[in-house]
Amino acid sequence: MLRVAIVGASGYIGGELLRLLHGHPRVTVVAATSDRFAGRRVDGPHPNLRGHTDMCFVGHDALESADFEVLFLAAPHRETMGQMAGFLNLAETVIDLSGDFRLRDPEVYASYYGVAHTAPHLIPDFTTGLPEWHRAQLASSDRISIPGCMATAGILAVRPMAQAGLIEGTVQVDARTGSSGSGASSGPAGAHAERSGALRVFAPSRHRHEAEIAQATDRTVRMTATGVEAVRGVQVLCHAKLAPGVSERDVRSAFRAAYKNEPFVRVIAQRHGLYRLPEPKILTGSNFCDVGFAVSADDGTVVLVGALDNLVKGGAGGAVQCMNVRFGWPERTGLEFPGLHPN
């Protein structure tokens, strides 16, 4: 059994890591850290784990004496980079879910995160944790950076078209996300009285996931992010101009070629039915990202759609999938849950 530890295990992403890893047949969780909850059971902040584990949180200092091979980092953006050198000394394989090692250019990082990167020399060591596009590198990488949730949906929706040369110009991304994307300690903005019934545009421009999509697609990207009333789920609508002569058949062929053998990406672009385009509602708890498209032949534009559960494929599930790739296991291992309907 592979021995793993989780840093920052009391938050929503940490809770999903605990849920998935405790159910993984090839993994043993030996430590879950939280200074705030040290000594208390993990099923306090994560009540869905009641009866599933008797594990208690430990303080971060306890990692020094723990024995594990893989370290999952669910620690805050801007803080993780300063501690990364120490984390790398604790485990053979480190899988980071913060935003600190997603962007390849330290200056771009500083522009979007508002602080200078304190460990730029470590950035080249990290592989982007998106198996659909980086599987070969992930198979031998011990430094993995998981993309952001809206970035994952956006990249999977846009990249097939960008790589095939089927779109041109700037890509406009309209992203919607549920309240869990703000984390377990989001403050007053996440309170039910403020969130319920709201469609809150919290990032009218320059959301940091914009830079990740641009980096992965080699396109200029402009992104707006809106908080919706759902708890889980991300949906992105990516508007682009088709290259001259591109047909709907060309678009469909590009998606099918890119994802025909992918275990967790489904191409959903149907003409009829309630779920004819990607919808996060039916993806809750699953590691799927559904992608689709709608072509406007009259003006030569296309809307590229991506949807996923932000805490699973957009976070913890993506990290577990990368671990499976790294250790040569079937990618669906521990990630078989198909989602719920109705939900």
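Heads up: the structure comes first, above all this text.
A few points on the structure. Quick caveat: nothing in here was measured; it's all calculated off a predicted structure.

Some words on the sheet that holds strand β8 (residues 200-203)
Now for step 1: Judged by pairing direction, the sheet is mixed, and its 7 strands sit side by side in the order β8-β9-β7-β10-β13-β12-β11 without closing on themselves. With one partner strand each, in any of the chains shown, β8 and β11 (265-267) form the two edges of the open sheet. Taken pair by pair, the neighbouring strands of this sheet meet at an average axis angle of 25°, ignoring direction.
Now for step 2: Pairing between β8 and strand β9 (residues 221-227): 3 bridges, direction antiparallel. In the strand pairing of β9, Val-201 is matched with Thr-226.

Concerning the sheet that holds strand β2 (residues 27-32)
Now for step 1: Strand order in this open sheet of 6 strands is β2-β1-β3-β4-β6-β5, and the pairing throughout is parallel. Single-partner strands in this sheet number two, and they are β2 and β5 (127-128).
Now for step 2: Pairing of β5 with strand β6 (residues 143-145), which is carried by 2 bridges, proceeds in the parallel orientation. Its bridge partner being in β6, Thr-128 is matched across the sheet by Ser-145.
Now for step 3: Strands in contact with helix α1 (residues 12-22) are β1 (2-7), β2 and β3 (70-73); relative to β2, the strand with the most contacts, it is inclined by about 150°.

Remarks on the nonpolar core
The nonpolar side chains of a soluble globular protein tend to be buried, and buried together.
Now for step 1: Grouped together as the largest cluster of nonpolar side chains are 41 residues, with contacts concentrated most on Met-161, Ile-167, Val-173 and Leu-304.
Now for step 2: When residues in this core are grouped by element, the largest group, 10 residues, is from helix α5 (residues 149-163).
Now for step 3: Filtering out sequence-adjacent residues up to four positions away, Val-173 remains in contact with Ile-213, Val-221, Arg-222, Met-223, Thr-224, Val-236, Leu-237 and Cys-238.
Now for step 4: By size, the runner-up hydrophobic cluster in this structure holds 37 residues, among which are Phe-264, Leu-283, Ala-319 and Val-325.

Quick notes on the pairing of β3
Now for step 1: Here β3 shows a buried face lined by Val-70 and Phe-72 and a second buried face lined by Leu-71 and Leu-73.
Now for step 2: Where β1 meets β3, 4 bridges bridge the pair, whose relative direction is parallel. Its bridge partner lying in β3, Ile-6 is registered against Phe-72.
Now for step 3: With respect to chirality, the unit in which β3 leads through helix α2 (residues 80-88) into the neighbouring parallel strand β4 (residues 93-96) is right-handed.

Looking at the packing of α5 against helix α7 (residues 208-217)
Now for step 1: Contact geometry of α5 with α7 gives a least axis separation of 9 Å together with a crossing angle of 25°. By the criterion of interaxial angle, the relationship of α5 to α7 is roughly parallel. In this structure, α5 meets α7 at a crossing whose hand is right-handed. Contact residues: Cys-149, Met-150, Ala-151, Gly-154, Ile-155, Val-158, Arg-159 and Ala-162 in α5; His-209, Glu-212, Ile-213, Ala-216 and Thr-217 in α7.
Now for step 2: Its residues assigned to classes, the contact of α5 with α7 comprises 8 nonpolar, 3 polar and 2 charged.

Quick notes on the rules
Residues numbered from 1 in each chain as written. Predicted model: local features only at pLDDT ≥ 70, side-chain atom pairs only at ≥ 80, totals over all residues. Heavy atoms only, no water. Pairing = 2+ DSSP bridges. Helix = DSSP H or I, 4+ residues; strand = E, 2+ residues; numbered from the N terminus. Axes fitted to C-alpha atoms, helices over the stretch in contact; angles between N-to-C directions. Contact = heavy atoms within 4.5 Å. Core = buried A, V, L, I, M, F, W, Y, C linked by side-chain atoms within 4.5 Å. Buried < 20%, exposed > 50% of the residue type's maximum accessible area, 1.4 Å probe, protein only. Right-handed = clockwise from strand over helix to strand, strands pointing away. Parallel < 35°, antiparallel > 145°, perpendicular 65-115°, else oblique. Left-handed = near helix turned anticlockwise from the far one by under 90°. Nonpolar A, V, L, I, M, F, W, Y, C, P; charged D, E, K, R; others polar.

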